[in-house]
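# Notes for the structure review
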Amino acid sequence: MQWCCVAWAGFQAAYQVLHPSELPSLTGLPFASMPWAAERFLYCSSPCHPCLLDKEGLFRRTFADACSCVCPQPVCRVTQRQLNITVQKKESNWWERLTKQEKRPLFLAPDFDRWLDESDAEMELKEKEEEKINKMKIESRVPKDPFRHLKKGYLVMYNLVQFLGFSWIFVNMTVRLFILGKDSFYDTFHTTADMMYFCQTLALMEIMNSLIGLVRSPLLPAVMQIFGRNFILFVVLGSLEEMQSKPVVFFVFYFWSIIELFRYPYYMLSCIGMDWKPLTWLRYTAWIPLYPLGGLAEAVCIIQSIPIFSETGKFSLGLPNPLNVTIQFSFLLQVYLIVLFLGIFVNFRHLYKQRKQHLGPKKRKMK
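Let me sum up the structure you'll find in this document.

Here is what the cut-offs are and how they apply
Residues numbered from 1 in each chain as written. Predicted model: local features only at pLDDT ≥ 70, side-chain atom pairs only at ≥ 80, totals over all residues. Heavy atoms only, no water. Helix = DSSP H or I, 4+ residues; strand = E, 2+ residues; numbered from the N terminus. Buried < 20%, exposed > 50% of the residue type's maximum accessible area, 1.4 Å probe, protein only. Salt bridge = Lys/Arg side-chain N within 4 Å of Asp/Glu carboxyl O. Contact = heavy atoms within 4.5 Å. Core = buried A, V, L, I, M, F, W, Y, C linked by side-chain atoms within 4.5 Å. Axes fitted to C-alpha atoms, helices over the stretch in contact; angles between N-to-C directions. Parallel < 35°, antiparallel > 145°, perpendicular 65-115°, else oblique. Nonpolar A, V, L, I, M, F, W, Y, C, P; charged D, E, K, R; others polar. Patch = residues over 30% accessible without salt bridge, like charges linked within 9 Å, V, L, I, M, F, W, Y side chains within 5 Å. Areas by Shrake-Rupley, 256 points an atom, 1.4 Å probe, with all protein chains shown as cover. Lys, Arg positive; Asp, Glu negative; His and termini not counted. Charge placed at Lys NZ, Arg CZ, Asp CG, Glu CD. Left-handed = near helix turned anticlockwise from the far one by under 90°. Phe/Tyr/Trp six-rings, centres within 6.5 Å; stacked < 30°, edge-to-face > 60°. Lys NZ or Arg CZ within 6 Å of the ring centre and 35° of its normal. Polar contact = N/O pair within 3.5 Å; in protein donor to acceptor, adjacent residues only side chain to side chain. Expected span 1.5 Å × (residues − 1). Bend = angle between axes of the 7 residues up to and from the residue.

Non-glycine residue Phe315 carries a positive phi angle of around 65°. Within the fold, Phe315 resides in the loop between helix H9 (287-312) and helix H10 (329-359). Here Phe315 falls in the partly exposed class, since its relative accessible area comes to 48%.

Here it is as structure tokens:
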């Protein structure tokens, strides 16, 4: 019988013993555990590795203490080069040796990379206790906000109301699309404008929340998105009846509502400390196709309104006036198209950073 070298290390502080067996190759190796009440060993059988087999076809590791001192289910993990067997103790006691026999077997060698003696274990536990105490001291120094529950309740209600409002818009438009088909494009504004007015007016509170520090969101992306949408809604669509029956209104409202169906529930759950991973993924992934499509729909809406504003002269500054200049509102809309795409770029950059922060690979802390 030829035994392979077995390295072992006693993590007494964690109440477990680790047995890594360095082998030529362990890919696909089957393993199992015998009932501890009957036999005090672990075994794995492999016809492809004769170095693992004794005359009974078993790979034995006999422990010094009684089988009642260890849990009946060991944890076995097979890698390319080793077999790790972790046995957890039932009680926090120290073993003088691993095997029943006093003389150390030739195949058994200590693994000093993982070795942890009694003094090291005590030091490790002491460091963890000190770290816990220091953390509690730091938390106690931070003054508690007496209005934190009121603020949290306000944010939860705000996000809930916005979610319900945009959900109503989305469901209304979807149902009408299935029932009426393309005919629903032409009366979207008249059926959903009141709710959209309410939601976009209420969205101004997001700027206030950022200004007074209720939320940690950057101010610039929120200002550009909210004022941009309100400009489209109140100025371009709300002031021109000719634009209200355009099919582009359907796509503008539809993309706006879909984006908010993921954003507001995510913020609402974050306020109460909940993190639902599918919703987090949708929150920081759905914007990738939806933001360009929404920006394109807004640009088409402005382009279609420019001839109407030029013809009617609405919001244009004509002569005579104190400035003695003529300012066509249609020209300002052309300038706004450039601002629109700059705003989309700013929001894209902000959302991309957030996506890397929430969905990107976590950096491991170096000890």
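Using the criterion set out here, one finds 4 salt bridges in the structure. Of the charged contacts, one joins Glu260 and Arg229 as a salt bridge, the two residues approaching to 2.6 Å between their closest N and O atoms. Of this pair, Glu260 sits in helix H7 (residues 248-271) while Arg229 sits in helix H5 (residues 219-237), and the two are 31 residues apart along the sequence. Close ionic contact of Glu260 with Arg263 constitutes a salt bridge, the shortest N to O distance being 2.6 Å.

Our focus in this paragraph is the side chain of Gln162. Summarising the element assignment, Gln162 is placed in helix H2 (residues 148-180). Residue contacts for Gln162: discarding those within four places in its chain leaves Cys199, Leu202, Ala203, Glu206 and Tyr264.

The next thing to look at is the nonpolar core. If you look at the biggest cluster of nonpolar residues, it comprises 47 residues, and the most contacted ones within it are Ile232, Leu237, Phe253, Cys301 and Ile302. For this core, the secondary-structure elements that each account for two or more residues are H2, helix H3 (188-202), H5, H7, H9 and H10. Ranked by residue count, the leading element in this core is H7, at 11 residues. What Leu237 contacts, discounting residues up to four positions off in sequence, is Phe189, Ile232, Met243, Gln244, Val249, Phe253 and Cys301.

The next thing to look at is the packing of H9 against H10. Close contact between H9 and H10 brings their axes to 10 Å; oriented N to C, the two are set at 175°. By the angle between their axes, H9 is roughly antiparallel relative to H10. Across the contact of H9 with H10, the residue classes break down as 19 nonpolar, 6 polar and 2 charged.

What follows deals with the environment of Ile344. Take Ile344: it is sitting in helix H10. Ile344 sits in the buried class, given a relative accessible area of 18%. Spatially, the C-alpha atom of Ile344 lies 8.3 Å from that of Gln225, the residues being 119 residues apart in sequence.

What follows covers the environment of Lys182. Structurally, Lys182 can be placed in the loop between H2 and H3. The exposed category is assigned to Lys182, whose relative accessible area is 65%. Residues Lys182 and Pro247 lie 65 residues apart in sequence; the distance between their C-alpha atoms is 8.6 Å.

Below, the discussion takes up a negative patch on the surface. Judged by side-chain charge, Glu127, Glu129, Glu130 and Glu131 come together as a negatively charged surface patch. One can find Glu129 in helix H1 (residues 118-141). Residue classification places Glu129 among the exposed positions, given a relative accessible area of 51%.

Right, let's talk about the packing of H5 against H10 for a bit. Relative orientation of the contacting elements H5 and H10 amounts to 145°, with a least axis distance of 10 Å. Between H5 and H10 the crossing geometry is left-handed. Across from Leu220, Pro221, Met224, Gln225, Gly228, Phe231, Ile232 and Val235 in H5, the residues of H10 making contact are Phe329, Leu333, Tyr336, Leu342, Gly343, Val346, Asn347 and His350.

Below, the discussion takes up the packing of aromatic side chains. All chains considered together, the criterion is met by 20 aromatic pairs. Look at Phe250 and Tyr254: their rings are 5.1 Å apart centre to centre, the planes differ by 15°, and that puts the pair in the stacked class. Here Tyr254 and Phe250 lie together in helix H7, a separation of 4 residues that amounts to about one turn. One aromatic cluster is present, formed by Phe170, Phe185, Phe250, Phe251 and Tyr254 through successive ring pairs. Arg263 extends its terminal NZ or CZ atom over the ring of Tyr264, reaching a point 4.6 Å from the ring centre. Its end group placed over the ring of Tyr284, Arg283 keeps NZ or CZ at 4.9 Å from the ring centre.

When you line up the elements, Gln225 lands in helix H5. Side chain to side chain, Gln225 and Tyr291 meet in a polar contact 2.5 Å long. Leaving out residues up to four positions away in the same chain, Gln225 has contacts with Glu260, Arg263, Tyr291 and Asn347.

Right, let's get into H3. With 15 residues, H3 extends 21 Å from end C-alpha to end C-alpha; this agrees with the ideal 21 Å at 1.5 Å per step. Where H3 bends most, the angle comes to about 40°, and this point is Asp194. Among all positions of H3, only Thr188, Phe189, Thr192, Ala193, Met196, Cys199 and Gln200 are buried. Those residues of H3 that are buried lie in contact with H2, helix H4 (204-211), H5, helix H6 (241-244) and H7.

Now for H2. An ideal rise of 1.5 Å per residue puts 48 Å on 33 residues; H2 measures up with 48 Å between its terminal C-alpha atoms. Buried within H2 we find Leu155, Val156, Tyr158, Asn159, Gln162, Gly165, Phe166, Ser167, Ile169, Met173 and Thr174. Those residues of H2 that are buried are in contact with H3, H4 and H7. Once H2 ends, the next one or two residues include Gly181, with phi positive near 70°.

A few words on a nonpolar patch on the surface. Side chains of Leu317, Val325, Ile327, Phe331, Leu332, Val335 and Val339 sit close together on the surface and give an oily, nonpolar patch of about 530 Å² of accessible area. Here Ile327 falls in the partly exposed class, since its relative accessible area comes to 32%.

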